Amino acid sequence: MAAPDSHQAADPQAVKRHPTLFRAVRKRKNPKLRRTDITVTDDAAVKRAVKAASLGNAMEWFDFGIYSYLAVTIGHVFFPSGNETTQLLSSFATFAVAFLVRPLGGMFFGPMGDKVGRKKVLALTMILMAVGTFAIGLIPSHETIGVWAAVLLIFFRMLQGFSTGGEYGGASTFIAEYAPDKRRGFFGSFLEFGTLAGYVGAAGLVTALYALLNDAQMEAWGWRIPFLVAGPLGLVGLYLRLRLDETPAFQKLEGGTAHASEAADGVESTAKGDLAKIFRQYWPTLILCICLVGAYNITDYMLLSYMPTYLSDELGYSETHGLLILLAVMVFLMAIISQVGKLSDRFGRKPLLMSGMLGFLFLSLPAFLLIRIDGILPITVGMLMLGLSLVCMLGTMSAALPALFPTNVRYGSLSVGYNLSASIFGGTTPLVITALISWTGSNLMPAYYAMAAALIGVIAVACMKETAQQPLIGSPPSVETDEEAAELVQAQAPEPKF
């Protein structure tokens, strides 16, 4: 039970004798906001920040997407010939390796982002990802250098994973701290728009290559093209990120361009990226974050990364066939994702997230039964059922997750929680599903796996607090206009007495 306020615990007679003193105590415990405590966002700066974070995120997921879409070909190039399922499992195991080091990247880059700033760390992750992806495109095949081909592939996949450990937590924090409170869902949805754009770019390029080249050409040199393209794209993302200012919330935290006064009661005054502090003080929220991200990532990677392989390897469709359908579904999701972000601002994060989780819980099995039917229409309808469930989470999660943690540990906590979950559940999804299908002989295992993840997600969403239209923890209110700031201050003014 919470301790009573001092004026309630005090002797009523003392309160009567010294009303001014006790009124001052109450004001100090519950100070009113002043105009200088409220951040008025610059619309042009917010849009620049959203563009840089989203485009950078698109580059990151372009890099990850091309690997998953080329998984079958990469299995042939880098692993000894033999059983095709073994080659595919080896390829997906290498895909999962990148996720095993993601928590290490999150623990390294996250606290660093809380100490030195969001902008510098996001630029560094961009460089490392571009280098890792470009280098994969230069590795000789297994026929040329034997086992060293797989060793080098694993090394550069680990570099990719390490850099990605600081990407999502930083990019979502960056947008959340720039955006006004009432539109955080809308602006946050563009981060996942960038994710979809990266996947669409990867799927489009790989589809074009499969259409233009035969299998021998793809395995000889065609698979390298998407990886080599990633280098110049990374430089574009780096340029955009380096042009940005630090977020207003971090500047206030550091006592930079604006100073939070005593009245901004919840605003932290120092930036200590202390990893031990995150695990010691915020472990309940960290567990909630891991459960939310786990449910979201399993369904995300199942649809956006694994589905083309499922269609080609398990159901016998051509690589081009599966990729084209997924490409159309992803373009449709891109067209509506910002509207989902708006809905989360209006109705709240929890209703949208719950809709997505329940969608996967009840629609996964019917969707996969449709996908197994031969024909473009049933496959497209099945994938749209999954896609509409996923977009409810995609358009909402990037605003919901940063709001779980206070400003002084936001980047670090989110990076740790997100990447631990992504490592355990997300990156292993293709590997686990492929293994489950191999062991059980049932190609409905992806549906059952998604349903189990969604059940955990439903429980996690039920446990989280609603954060829509509220200031971030540890940050002052953020509004779009001076008029809104004045209204906030006026709302706390005492009623006139006559």
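This text gives an overview of the structure that appears in the document. (Residues numbered from 1 in each chain as written. Predicted model: local features only at pLDDT ≥ 70, side-chain atom pairs only at ≥ 80, totals over all residues. Heavy atoms only, no water.)

## Describing helix 14 (residues 224-242)
Stated formally: A helix here means a DSSP run of H or I that spans at least four residues, while a strand means a run of E at least two residues long, and both kinds are numbered starting from the N terminus. Here the expected length of a helix is defined as 1.5 Å per residue gap, with one fewer gap than residues. Bend at a given residue is defined as the angle between two axes, one fitted to the seven residues that end at that position and one fitted to the seven that begin there. Accessibility here uses a 1.4 Å probe with only protein chains present; expressed as a share of the type maximum, an area under 20% marks a residue as buried, one over 50% as exposed, and anything in between as partly exposed. Contacts are residue-level and defined by heavy atoms, with any inter-residue pair within 4.5 Å sufficient.
A rise of 1.5 Å per residue sets the reference length of helix 14, with its 19 residues, at 27 Å; its end C-alpha atoms lie 28 Å apart and thus fit the reference within 8%. Along helix 14, the sharpest change in direction is near 30° and occurs at Gly231; proline Pro232 comes one to four residues later. Among the residues of helix 14, Arg224, Pro226, Phe227, Ala230, Gly231, Gly234, Gly237, Leu238, Leu240 and Arg241 are the ones counted as buried. Residues of helix 14 that are buried make contact with helix 4 (43-69), helix 5 (71-78), helix 8 (118-136), helix 11 (167-178), helix 12 (184-212) and helix 13 (215-222).

## What to know about the pattern of salt bridges
The criterion, for reference: We count a salt bridge whenever a side-chain nitrogen from Lys or Arg sits within 4 Å of a carboxyl oxygen from Asp or Glu.
What the rule picks out here adds up to three salt bridges. In this structure, the salt-bridge partner of Arg410 is Glu177, at a minimum N-O distance of 2.7 Å. One end of the pair, Arg410, is in helix 21 (residues 410-426); the other, Glu177, is in helix 11, and 233 residues separate them in sequence.

## Structural notes on the packing of aromatic side chains
Spelled out, the test is: Pairs were defined over the aromatic rings of Phe, Tyr and Trp, the Trp ring being its six-membered one, requiring ring centres within 6.5 Å. Orientation was assigned from the angle between planes: stacked under 30 degrees, edge-to-face over 60, tilted for the rest.
Following the criterion strictly, the structure yields 13 aromatic pairs and no others. Seen from their ring centres, Phe108 and Phe162 are 5.6 Å apart, and the 35° between their planes marks the pair as tilted. Here the residue Phe108 occupies a position in helix 7 (residues 102-116), and Phe162 occupies one in helix 10 (residues 147-164), the gap between them amounting to 54 residues. A residue is classified by how much of its surface remains accessible, and Phe108, at 42% relative accessible area, is partly exposed. On the accessibility criterion, Phe162 (25% relative accessible area) is partly exposed. For the pair Tyr310 and Phe368, a centre-to-centre distance of 5.5 Å together with 80° between the ring planes defines the contact as edge-to-face. Of this pair, Tyr310 sits in helix 17 (residues 283-314) while Phe368 sits in helix 19 (residues 349-371); the two residues are 58 residues apart in sequence, bridging distant segments of the chain. Here the two residues Tyr310 and Phe368 agree in accessibility, since each one is buried. One aromatic cluster in this structure is built from Phe186, Phe187, Phe190 and Phe193.

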